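# Residue-level structural notes
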Amino acid sequence: MDLSALDFTGRHLFVAGGSSGINFGIAQAFARAGARVTVISRSPDKVAAAARQLQALGTQALGLAADVRHPDSLERAFAAASARFGPIDVLVSGAAGNFLASALDMSPNAFKTVVDIDLLGSFNVARLAHAHLRKPGACVIQISAGQAFTPTPFQAHVCAAKAGVDMLTQVLALEWGPLGVRINSIVPGPIAGTEGLKRLAPTEETLDAMTQRVPLRRLGRIEDISRMAMLLASDWGSWITGAIIPVDGGLALTGPRDFSAAAAASRRDR
Ligand code: HXC
Ligand code: NAP
């Protein structure tokens with residue numbers, strides 16, 4: 001078996017929302033495989049720290065502050081990144097925000113804030129990246145969530161936004177396939193130690209209940225997601241586009257989730 005498919009030496013990985021959690025884990029995995037990495041997120045301190053950690057792995061890395069809701073800041077980031085490392089070979093789009101709230105407890109601005117980051121932000125990232133993607137050959141990976149297809153109380157904003165993200169994946173796969181650009185969604189299940197999971201399972205009890213819902217009876221690890229990202233970006237993924245791929249221990253096969261206990265616990269915390 002030829003494992004050189006997983007050697008990304010000299011390739012350019014760009015990660016939107018790449019300064020922490022799952023997306024930063026993906027950046028680290030590609031950096032270890034030789035890629036030159038750009039990470040962007042809102043916080044200048046977080047992107048600078050992320051770039052330093054990636055450089056410590058022995059690769060070239062750039063951290064740039066940009067908000068996916070602001071096309072001007074994104075345009076500047078893409079221009080600086082491609083001036084430094086050349087065309088983007090792999091684009092990971094995973095900037096997101098979340099909190100538990102019932103639809104009635106959500107102001108229009110609360111709903112809009114998550115839709116703006118997750119959905120409009122993904123559109124902005126993909127649209128503005130297009131000019132900088134290697135054509136043919138680039139691979140775009142959107143980081144979705146099970147809320148995209150599992151109706152989930154207290155998550156109206158995320159459900160609506162991530163469903164839109166997955167539809168965007170499929171539309172762009174059709175529009176960009178002839179250019180040799182592939183685009184897929186990874187749908188992570190609950191990943192241990194992340195901000196996203198902390199917000200949905202803030203107590204021991206809610207974390208245990210979440211784990212028991214997973215058919216494989218364990219939480220995910222960041223490597224579960226970064227390995228799928230590497231597979232998709234490698235030659236082994238060269239005929240995969242427009243796919244919505246759960247990496248979730250089978251959670252997508254179970255029914256709607258009940259976050260009422262977690263919502264009550266996080267209400268007490270506020
Ligand atoms: C009700 C809330 C709220 C809450 C904020 N709002 N938190 N409403 N319940 N708990 C409302 C505010 O009152 C405001 O509405 C509006 O949302 C915008 O809030 P801001 O704080 O001004 O927004 P902003 O500074 O842009 O911050 C965005 C954010 C924040 C999403 C609210 O939490 C954030 O930056 N999150 C990034 C990190 C993160 O969430 N990571 C997890 C990703 S995981 P009003 O009307 O008062 O103006 C994920 C889920 C995947 O995406 C699934 C995991 C299994
Ligand atoms: P995280 O650590 O909070 O990651 C979110 C990242 O997005 C951060 O780097 C954040 O940095 C950045 N970000 C937020 N708003 C932004 C904006 N407006 N513009 C640019 N960057 C922004 O959360 P995570 O739990 O690892 O989640 C990562 C991804 O996985 C998300 O897409 C999430 O929906 C998905 N997911 C997570 C889980 C899970 O179990 N954690 C499950 C399913 C799906 P700044 O604060 O510096 O902006």
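Described below are features of the structure shown in this document. (Residues numbered from 1 in each chain as written. Chains lettered and ligands numbered in written order. Predicted model: local features only at pLDDT ≥ 70, side-chain atom pairs only at ≥ 80, totals over all residues. Heavy atoms only, no water.)

On to unusual backbone geometry. The peptide bond linking K135 to P136 adopts the cis configuration, its omega dihedral lying at 0°. Its place among the elements puts P136 in the loop between α4 (108–129) and β5 (139–143). Here F154, not a glycine, exhibits a phi torsion of approximately 70°, which is positive. Positionally, F154 belongs in the loop between β5 and α5 (156–176). Phi at R217 is positive, roughly 55°, even though this residue is not glycine. A relative accessible area of 48% means that R217 is categorised as partly exposed. (Helix = DSSP H or I, 4+ residues; strand = E, 2+ residues; numbered from the N terminus. Buried < 20%, exposed > 50% of the residue type's maximum accessible area, 1.4 Å probe, protein only.)

Moving on: the packing of helix α1 (residues 21–32) against helix α2 (residues 44–55). Their axes nearest at 10 Å, the elements α1 and α2 cross at an angle of 25°. For the element pair α1 / α2, the angle class is roughly parallel. Considering only the axes of α1 and α2, their crossing is right-handed. Between α1 and α2, the contacting residues are F24, A27, Q28 and A31 on the first element and A50, Q53 and L54 on the second. (Axes fitted to C-alpha atoms, helices over the stretch in contact; angles between N-to-C directions. Parallel < 35°, antiparallel > 145°, perpendicular 65-115°, else oblique. Left-handed = near helix turned anticlockwise from the far one by under 90°. Contact = heavy atoms within 4.5 Å.)

Moving on to the site of ligand 2. Contacts to ligand 2 come from 30 residues, most closely from S20, S41, R42, T194 and G196. One of the side-chain N or O atoms of D67 is found 2.9 Å from a nitrogen atom in ligand 2. Look at ligand 2: alone it shows 880 Å² of surface, and the protein chains cover 90% of it. Breaking the shell around ligand 2 down by element, the ones donating at least two residues are α1 and α6 (195–200). Looking at the shell around ligand 2 residue by residue, the class counts come to 12 nonpolar, 12 polar and 6 charged. (Near = heavy atom within 4 Å. Polar contact = N/O pair within 3.5 Å; in protein donor to acceptor, adjacent residues only side chain to side chain. Areas by Shrake-Rupley, 256 points an atom, 1.4 Å probe, with all protein chains shown as cover. Nonpolar A, V, L, I, M, F, W, Y, C, P; charged D, E, K, R; others polar.)

Before going further, it helps to examine the environment of M106. Within the secondary structure, M106 is located in the loop between β4 (90–93) and α4. For the pair M106 and F154, spaced 48 residues apart in the sequence, the C-alpha separation amounts to 9.2 Å. Excluding its chain neighbours within four sequence positions, the residues that come into contact with M106 are F99, A101, F111, A156 and H157.

With that out of the way, let us pick up α4. The first and last C-alpha atoms of α4 sit 29 Å apart over 22 residues, in line with the 32 Å expected at 1.5 Å per residue. The largest bend in α4 is about 40°, located at D116. (Expected span 1.5 Å × (residues − 1). Bend = angle between axes of the 7 residues up to and from the residue.)

With that settled, the discussion passes to the packing of α1 against helix α8 (residues 222–233). Across the interface, α1 lies against α8 with an axial gap of 9 Å and an inter-helix angle of 55°. It follows from the interaxial angle that α1 and α8 lie oblique. For α1 against α8, the interelement crossing comes out right-handed. Residues G21, I22, G25, I26, A29 and F30 of α1 pack against I222, I225, S226, A229, M230 and A233 of α8. Of the residues contributing to the contact of α1 with α8, the split by class is 9 nonpolar, 3 polar and no charged.

Everything listed is a geometric property; what it means functionally is a separate question.
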